[in-house]
Amino acid sequence: QVQLVESGGGLVQAGGSLRLSCLASGYIFRINRMGWFRQAPGKQRELVAFITSSGGTNYADSVKGRFTISRDYAKNTVALQMNSLKPEDTAVYYCNKVSASVEYDYWGQGTQVTVSS
């Protein structure tokens, strides 16, 4: 019943930019806090940014000042604008509710972001 489709990833050089987009089902999109997560090889899946229904945003220290999360209620989408990309940003990026469990909740396929030196 839940739809989460991430897109926009790709290969980019350090210092470049990418814009990711997440199409979410109406049900999950109504949840107050929607976020972007990422998982690099050998690392835990981490929350990098989230946005609330009132437009408030929060960012992990590692991306603060470089990434911007936004929400479009008309299109049921959550976007992540990524600027000044670094090799350490390389990961598979996922969108989901902030409270999602990696083990027990539904996740989409994610989109691969690769940043070269």
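Anything mentioned here points back to the structure above.
Keep in mind the model is a prediction, meaning the values are calculated, not measured.

Basis of the calculations
Residues numbered from 1 in each chain as written. Predicted model: local features only at pLDDT ≥ 70, side-chain atom pairs only at ≥ 80, totals over all residues. Heavy atoms only, no water. Disulfide = S-S within 2.5 Å. Helix = DSSP H or I, 4+ residues; strand = E, 2+ residues; numbered from the N terminus. Buried < 20%, exposed > 50% of the residue type's maximum accessible area, 1.4 Å probe, protein only. Phe/Tyr/Trp six-rings, centres within 6.5 Å; stacked < 30°, edge-to-face > 60°. Lys NZ or Arg CZ within 6 Å of the ring centre and 35° of its normal. Core = buried A, V, L, I, M, F, W, Y, C linked by side-chain atoms within 4.5 Å.

**Some points on the state of the cysteines**
Then comes step 1: For the structure on display, the rule yields one disulfide.
Then comes step 2: Bridging Cys22 to Cys95, the disulfide has an S-S length of 1.7 Å. When the S-S torsion is 60°, as for the bridge of Cys22 with Cys95, the disulfide is right-handed. Of this pair, Cys22 sits in strand 3 (residues 18–24) while Cys95 sits in strand 9 (residues 91–97); the two residues are 73 residues apart in sequence, bridging distant segments of the chain. Judged on exposure class, the residue Cys22 and its partner Cys95 are both buried.

**Structural notes on the packing of aromatic side chains**
Then comes step 1: Inspection of every chain in the model, using the stated rule, returns two aromatic pairs.
Then comes step 2: A centroid spacing of 5.0 Å and a plane angle of 80° characterise the contact between Phe37 and Trp107, whose relative ring orientation is edge-to-face. Taken as a pair, Phe37 in strand 4 (residues 34–39) and Trp107 in the loop between strand 9 and strand 10 (111–116) lie far apart in primary sequence, 70 residues in all. Residues Phe37 and Trp107 agree in their burial class; the two are buried.
Then comes step 3: With centroids separated by 5.9 Å and ring planes inclined at 85°, the aromatic side chains of Tyr94 and Trp107 adopt a geometry described as edge-to-face. Here Tyr94, found in strand 9, pairs with Trp107, found in the loop between strand 9 and strand 10; they are 13 residues apart in sequence, far enough to count as distant. Each member of the pair, Tyr94 as well as Trp107, carries the same accessibility label: buried.
Then comes step 4: By the ring-pair criterion, three or more aromatic residues cluster together here, those being Phe37, Tyr94 and Trp107.
Then comes step 5: The residue whose ring lies beneath Arg33 is Phe50, and the NZ or CZ to ring-centre distance is 5.1 Å.
Then comes step 6: The ring of Tyr94 carries the charged tip of Arg45 above its face, separated from the ring centre by 3.9 Å.

**Details of the nonpolar core**
Then comes step 1: Membership of the largest hydrophobic core comes to 28 residues, with the highest contact counts inside it found for Trp36, Phe67, Ile69, Val78, Leu80, Met82 and Tyr93.
Then comes step 2: Elements represented by at least two residues in this core include exactly strand 3, helix 1 (26–29), strand 4, strand 5 (46–51), strand 7 (67–72), strand 8 (77–82), strand 9 and strand 10.
Then comes step 3: Per-element accounting of this core gives the leading share, four residues, to strand 3.
Then comes step 4: Core analysis: the second largest hydrophobic core is formed by five residues, Val92, Tyr94, Ala100 and Trp107 among them.

**A closer look at unusual backbone geometry**
Then comes step 1: In the Ramachandran plot, Asn76 falls in the positive-phi region, its phi being about 55° despite a non-glycine side chain.
Then comes step 2: Locating Asn76 in the fold gives a position in the loop between strand 7 and strand 8.
Then comes step 3: One non-glycine residue, Ser84, lies in the positive phi region at around 50°.
Then comes step 4: Considering the arrangement of structural elements, one finds Ser84 in the loop between strand 8 and strand 9.
Then comes step 5: We classify Ser84 as partly exposed; its relative accessible area is 43%.

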